[in-house]
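What the coordinates show
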Amino acid sequence: MTRTTPPRPLDIEALFPELAAHRGTCTRLHPRPGAPTPYDSSVGGPLLWPAAEAWPTCTQEHRRNTGRRIEDIHEERRVHAAADGRALTGEEHARLTALQRRHELPDIADTHPVPLLALAQLYARDVPNLPAPPGRDLLQVLWCPFEAHGFPHTPAVHLRWRDSGAAAAEAVLTDPPLPPVVGYEGLVPEPCVLHPEPGVVEYEWPELLPEDLQSRIEEWEEGLWEDDDNDDDSLGYDADFAVAAGWKVGGYAYWGVTGPHPMVCSCGTAMELLLAIRPSEHGGSRSWIPLEDSVFTPTHVSVGRAGTLNLFVCPADPTHAHRTSLQG
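Here the structure is a predicted model, which is why all the values come from computation and not from measurement.

Secondary-structure assignment places asparagine 65 in the loop between strand 4 (57-58) and strand 5 (66-67). Within the structure, asparagine 65 has its side chain in polar contact with the side chain of threonine 66 (distance 3.3 Å). Excluding residues that lie within four positions of it along the chain, asparagine 65 makes contacts with His103, Glu104, Leu105, Pro106, Ile108 and Val181.

What follows concerns the packing of aromatic side chains. In the structure shown here, the tally under the stated rule is five aromatic pairs. Look at tryptophan 49 and tryptophan 55: their rings are 4.9 Å apart centre to centre, the planes differ by 55°, and that puts the pair in the tilted class. Accessibility expressed as a relative area gives 0% for tryptophan 49, which makes it buried. Here the aromatic rings of tryptophan 255 and phenylalanine 312 are separated by 5.9 Å at their centres, their planes lie at 20°, and the arrangement is stacked. With tryptophan 255 in the loop between strand 13 (248-249) and strand 14 (272-277) and phenylalanine 312 in strand 15 (residues 308-313), the pair connects residues that are 57 residues apart, well separated along the chain. Given the relative accessible area of 4%, phenylalanine 312 is considered buried.

Paired through their backbone hydrogen bonds, the strands of a sheet run either parallel or antiparallel. An order of 2-11-3-8-9-10 is seen for the six strands of this open sheet, with the pairing classed as antiparallel. Every other strand in the sheet has two partners, leaving strand 2 (32-33) and strand 10 (157-162) as the edge strands with one partner each. Inspection of the sheet shows strand 3 (residues 42-43) paired to strand 8 (residues 117-123) by two bridges, in the antiparallel sense. Along strand 8, the bridge assignment pairs serine 42 with glutamine 121.

So, about the sheet that holds strand 12 (residues 197-203). Ordered by their spatial adjacency, six strands build an open sheet running 12-1-13-14-15-16, and the pairing between neighbours is antiparallel. Of all the strands in the sheet, just strand 12 and strand 16 (323-327) have a single pairing partner and so form its edges. Across five bridges, strand 14 lies against strand 15 in antiparallel orientation. Counterpart to glutamate 272 in the pairing with strand 15 is valine 313.

Attention now moves to helix 3 (residues 90-99). Residues Glu92, Leu96 and Leu99 constitute the buried set of helix 3. In an axial view of helix 3, the angular spread of the buried residues amounts to 60°, which keeps them on one side of the axis. In this structure, helix 3 carries Gly90, Glu91, Ala94 and Thr97 as exposed residues pointing more than 90 degrees from its buried face. For helix 3, the secondary structure elements touched by its buried residues are helix 2 (70-82).

Turning our attention to the nonpolar core. Side chains of nonpolar character tend, in soluble globular proteins, to be buried together. Trp143, Leu274 and Ile277 are the most contacted members of the largest nonpolar core, which totals 33 residues. At four residues, strand 8 tops the list of elements feeding residues into this core. Among residues more than four places away in sequence, those in contact with tryptophan 143 are Leu116, Leu117, Leu119, Pro155, Ala156, Val157, Leu187, Ile277, Val301, Val303 and Leu309. With 25 residues, the next largest nonpolar core counts Phe16, Trp205, Ala253 and Met271 among its residues.

Relative orientation of the contacting elements helix 2 and helix 3 amounts to 155°, with a least axis distance of 9 Å. By the angle between their directions, the pair helix 2 and helix 3 is classed as roughly antiparallel. The two elements helix 2 and helix 3 meet at a crossing, and its hand is left-handed. Across from Asp72, Glu75, Glu76, Val79 and His80 in helix 2, the residues of helix 3 making contact are Glu92, Arg95, Leu96 and Leu99. Partitioned by chemical class, the residues of the contact of helix 2 with helix 3 number three nonpolar, one polar and five charged.

Now for the pairing of strand 9 (residues 138-143). In the case of a regular strand, side chains alternate between the two sheet surfaces. A large share of strand 9 lies buried, amounting to six of its six residues. Alternating residues of strand 9 divide into Leu138, Gln140 and Leu142 and Leu139, Val141 and Trp143, and every residue in both groups is buried. Sheet analysis places strand 8 next to strand 9, joined by six bridges and oriented antiparallel. Across the sheet, residue tyrosine 123 finds its bridge partner in strand 9, namely leucine 138.

What counts, and at which threshold
Residues numbered from 1 in each chain as written. Predicted model: local features only at pLDDT ≥ 70, side-chain atom pairs only at ≥ 80, totals over all residues. Heavy atoms only, no water. Helix = DSSP H or I, 4+ residues; strand = E, 2+ residues; numbered from the N terminus. Polar contact = N/O pair within 3.5 Å; in protein donor to acceptor, adjacent residues only side chain to side chain. Contact = heavy atoms within 4.5 Å. Phe/Tyr/Trp six-rings, centres within 6.5 Å; stacked < 30°, edge-to-face > 60°. Buried < 20%, exposed > 50% of the residue type's maximum accessible area, 1.4 Å probe, protein only. Pairing = 2+ DSSP bridges. Arc of directions from axis to C-beta. Core = buried A, V, L, I, M, F, W, Y, C linked by side-chain atoms within 4.5 Å. Axes fitted to C-alpha atoms, helices over the stretch in contact; angles between N-to-C directions. Parallel < 35°, antiparallel > 145°, perpendicular 65-115°, else oblique. Left-handed = near helix turned anticlockwise from the far one by under 90°. Nonpolar A, V, L, I, M, F, W, Y, C, P; charged D, E, K, R; others polar.

Shown next, in the form of structure tokens:
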């Protein structure tokens, strides 16, 4: 089913023509719960992973012997979904208490290999602006299920670019290893099929605009808030025009916590946004909700408890080491 971003609440370029130079486009992914296969683009679905190829692990030193079981997290979500719109029963409350228990595994050392979790799989046929290297048309994203990497603590992300035709010609791994426990349930995605929407218009983060333009946009917003007769006082450049809500490929990065900072590849090239992992299709404004439906957090992924993880790659060579920025 197609998902369509509504037109922006007003023509922002008619008010500020200079914004045309700061306009970009992205592909909103619109994940929705489903049963994807290895041959589909997905979030949390099975990857097209050759059975003969080793599954990646995290061996960076951090505590990994305490956490929740993946099957308990999925069941907890099913219990809440079944009770949607009604009060939980006593039996359900008791079951949730058991499912939310954290488990101790004292025999697992801080460098014990932790199987990474499959986060997303994107085929270039579905995402036309995917910056795939020559000869590769499939991006696979995996991460460590513990927020214990760098500062602030974020999951370590692993990228694998593939030729999907070559991978499909081999036996496909059907039972990838899973960690016995995970550090945070927000890093465990629910399987979702994607409904990519390319060409969604957005604008650069306000702090990256020329100072004079920033000031005039702020004055315009203040005028909306102060006008008691104006029905558009909830409008805002950040929320309604800059950076589309939800999961997306390409376009501009969200910098709502740290403010913008340069992302430069080791080769010296300025990096570009590959993927924004944002929990909500709503973002800061209901104006981003697709016309066809409203699903608040379909993947159940929440990085930094409610934030955005920006994933950057080098446009000169996407296989160079990527970088991440946690906003929230």
